[in-house]
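# Inside the fold
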Amino acid sequence: MRVKTFRGKSTAAVFAEIKAEFGDDAVILSNKTTEENGRRIHEIMVGVDKPESEVKTGDTRDEVIDAAMDSIPDWNREWNQIKGHMMALLKPQMNMNLLAPRQRLALEYLEREGVDNKVILDLFQQLRGNKSKAILPELEKIAPVRPLDGNLWKEKFHALAGPHGAGKTSTIIRLALKEKRENPTARICLASADQGQGKGRLVLRHYADLSGLDFRELGTREDFARLIGESRNFDRVFIDLPGLAANAELDGWLSACGINGPCDLAVHLVLNPYYSQAQYCAFLKKYKSAKLKSLIWTKLDEACNYGALVNTAYESGLPVSLLSYGSTLRNSMKPACEKDFWRLVFKHQLPCSDQEVLARAV
Ligand SMILES: Nc1nc2c(ncn2[C@@H]2O[C@H](COP(=O)(O)OP(=O)(O)O)[C@@H](O)[C@H]2O)c(=O)[nH]1
Ligand SMILES: [Mg+2]
């Protein structure tokens, strides 16, 4: 269906325009009145099933843009077909006989898990002709881990970014509780830059109060400057960033807050394993920044496969730092390690916290 928006001074005028162009074939999709520079504008969006060639198109700026927008889905489909054909051409070059049965089974498994063809081809290149080569070291190069454990990360400020509802606030609370448990004298500050309507800020404050942690609100650039100024009072500061608006990007946002410079900050991107591939691409673009240092995967318990973890590591070049696998705040998160990561991918086995291992042993 082609979709086109008509605008005019009165509904009658707009309908006349629609009738002149589409006759009785148009379906009204929306009809609204807005104000622009004090003038009322009537805007009607219609859909029509006629093929493009039968539809009269004009050449005003708006009409040209409308026509271009209409053809995007076709262009997308065409691009996907081209990619599919390219992969189909490359695939036969992947002579599986050059691999040992073990290597072949692993690649076939990863493909079924949703690991992208690009990654599979890359792995094939590394393994071909060397049947004794183990696949795991190659995979570990593609998806490295760097556990978010105090000692490994020198940065004092750790900010969690990511889409709304990804699990940023919960992860910050888990991180703070873990750090406090392991090091009761640590001076930990929780800071909320999420000033939206959601409950995240209140929840964070509540846990800070309950656990005797410092809490700061970060509403303005001055708040960020103040927090950085008092950083020597803290051993670790966890910052809860808001989900960014549709047209905002992390780098611009950090600059606006004055923290994109040489401050002691690592940002971690919190993601869930069941977004679409296009969505991951969009997130990696939106959150691209020199300050972005790792990927945190939450809601692993809600996924049915884990190819996305491998694909996102491959595309971003970032290590995985944390794995979270339950909606509770305790016993639901673990710093990433290679063993857990690949058990998750190959066996669908969720990580097990040290406390759980202990509890089972007793
Ligand atoms: N099942 C499951 N739920 C989680 C996990 N992590 C967080 N959640 C839930 O996801 C919801 C959104 O989490 P929240 O931390 O508020 O997300 P934010 O908007 O990114 O701050 C909450 O209901 C959490 O309990 C997880 O690992 N597994
Ligand atoms: Mg939140």
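Quick look at the structure, then. Since this is a predicted model, take the numbers as computed values, not measurements. (Residues numbered from 1 in each chain as written. Chains lettered and ligands numbered in written order. Predicted model: local features only at pLDDT ≥ 70, side-chain atom pairs only at ≥ 80, totals over all residues. Heavy atoms only, no water.)

## A closer look at the side chain of K168
To keep it simple, the criterion reads: Each helix corresponds to a stretch of at least 4 residues labelled H or I by DSSP, and each strand to a stretch of at least 2 residues labelled E; elements are numbered beginning at the N terminus. Buried, partly exposed and exposed residues are distinguished by accessible area as a fraction of the type maximum, computed with a 1.4 Å probe on protein chains only: under 20%, between the cut-offs, and over 50%, respectively. Counted charges follow a simple rule, with Lys and Arg positive, Asp and Glu negative, and His plus the chain ends left uncounted. By convention in these notes, a salt bridge is any Lys or Arg side-chain nitrogen within 4 Å of a carboxyl oxygen on Asp or Glu. As used in this structure description, the phrase polar contact means that two N or O atoms lie within 3.5 Å; if the pair is within protein, one of them must be able to donate a hydrogen and the other to accept it, and residues adjacent in sequence are counted only when both atoms belong to side chains. The criterion used for residue contact is that any of the two residues' heavy atoms lie within 4.5 Å.
Along the chain, the position of K168 falls in helix α7 (residues 168–182). D240 provides the closest opposite charge to the buried, unpaired K168, separated from it by 5.8 Å. At 2.7 Å, the side chain of K168 and the backbone oxygen of P163 are in polar contact. In this structure, K168 is in contact with L160, A161, G162, P163, D240, L241, P242, G243 and V270, ignoring residues within four places of it in sequence.

## Thoughts on the nonpolar core
Let me state the cut-off plainly: To define a nonpolar core, start from buried Ala, Val, Leu, Ile, Met, Phe, Trp, Tyr and Cys residues and group those joined through side-chain atoms within 4.5 Å. What fixes the domain bounds is an automatic or database domain assignment.
With 65 residues, the main nonpolar core has L110, L227, I239, L241, V267, W297 and F341 as its most contacted residues. Among the elements that take part in this core, helix α5 (residues 117–127) stands out by supplying six residues, more than any other. Counting contributing residues, this core receives three or more from each of domain 2 (74–142) and domain 3 (150–361). With residues near it in sequence (within four places) discarded, F341 still touches A143, V145, L309, V320 and L323. Core analysis: the second largest hydrophobic core is formed by 22 residues, I173, A186, I188 and M333 among them.

## Comments concerning the site of ligand 1
Rules: For each residue, the test is whether any non-hydrogen atom lies within 4 Å of the molecule or strand; if one does, the residue is near. Here the open area of atoms and residues is found with the Shrake-Rupley method and a 1.4 Å probe, where only the protein chains shown may cover a residue. Only Asp, Glu, Lys and Arg are considered charged in this grouping, and only Ala, Val, Leu, Ile, Met, Phe, Trp, Tyr, Cys and Pro are considered nonpolar; every other residue, Gly among them, is considered polar.
Around ligand 1 sit 17 residues, and of these G165, K168, S170, D301 and S324 come closest. One of the backbone nitrogen or oxygen atoms of G167 is found 2.9 Å away from an oxygen atom of ligand 1. Note that a nitrogen atom of ligand 1 is positioned 2.8 Å from one of the side-chain N or O atoms of D301. In isolation ligand 1 has 580 Å² of accessible area, and contact with the protein removes 75% of it. Residue composition of the shell around ligand 1, by class: three nonpolar, nine polar and five charged.

## Quick notes on the packing of aromatic side chains
Quick reminder of the rule: Two aromatic rings, drawn from Phe, Tyr or Trp (for Trp, its six-membered ring), form a pair once their centres lie within 6.5 Å of each other, and the interplanar angle then sorts them: stacked below 30 degrees, edge-to-face above 60, tilted otherwise. Only when the NZ of Lys or the CZ of Arg is both within 6 Å of the ring centre and within 35 degrees of the ring normal is a charge said to sit over the ring.
Applying the stated criterion across every chain yields a total of ten aromatic pairs. Three or more aromatic residues joined by ring pairs form one cluster here, namely Y274, Y275, Y280, F283, Y287 and W297. Directly above the aromatic system of W153 lies the positively charged group of R146, at a separation of 3.8 Å from the ring centroid.

## Description of unusual backbone geometry
Positive phi is not limited to glycine here, since N37 has a value of about 50 degrees. Relative to the helices and strands, N37 is located in the loop between β2 (27–36) and β3 (39–48). The exposure class of N37 is exposed, given its relative accessible area of 81%. Non-glycine residue H348 carries a positive phi angle of around 55 degrees. Looking at the element boundaries, H348 is found in the loop between α13 (338–347) and α14 (354–361).

## So, the sheet that holds strand β6 (residues 214–217)
Condition: Pairing between strands requires that DSSP locate at least two bridges from one strand to the other. Note on geometry: axes are lines fitted to C-alpha atoms, helical ones only across the stretch in contact, with angles between N-to-C directions running from 0 to 180 degrees.
Taking strand neighbours across the sheet as the criterion, the eight strands line up as β6-β5-β7-β4-β8-β9-β10-β11 in an open arrangement whose pairing is mixed. Here the strands that pair on one side only, and so sit at the sheet edges, are β6 and β11 (333–335). When strand polarity is set aside, the average angle formed by the axes of neighbouring strands in this sheet is 25 degrees. Sheet topology note: the strand β9 (residues 292–297)/strand β10 (residues 320–324) ladder contains three bridges and is parallel. Each residue of the ladder has a partner; that of L295, found in β10, is V320.

## Comments concerning the pairing of strand β8 (residues 265–271)
With respect to burial, β8 is a largely interior element, seven of its seven residues being buried. Residues L265, V267, L269 and L271 line one face of β8 and the alternating positions A266, H268 and V270 line the opposite face, and both faces are buried. Across five bridges, strand β4 (residues 157–161) lies against β8 in parallel orientation. Looking at the pairing, L160 lines up with H268 of β8. Bridging between β8 and β9 involves five bridges; their strand directions are parallel. If you follow L271 over to β9, its bridge partner there is W297.

## Some details on helix α9 (residues 221–229)
Because each turn of an α-helix spans 3.6 residues, side chains separated by three or four positions end up pointing in the same direction. The following threshold applies: Directions from the helix axis toward the C-beta atoms define the arc.
Looking at α9, one finds that the buried residues are D223, F224 and L227. The arc that holds every buried residue of α9, seen down its axis, measures 100 degrees, which confines them to one face. Where α9 is buried, its residues touch β4, β5 (188–192), β6, β7 (236–240) and α10 (250–257).

No statement about biological role is implied by the geometric values presented.
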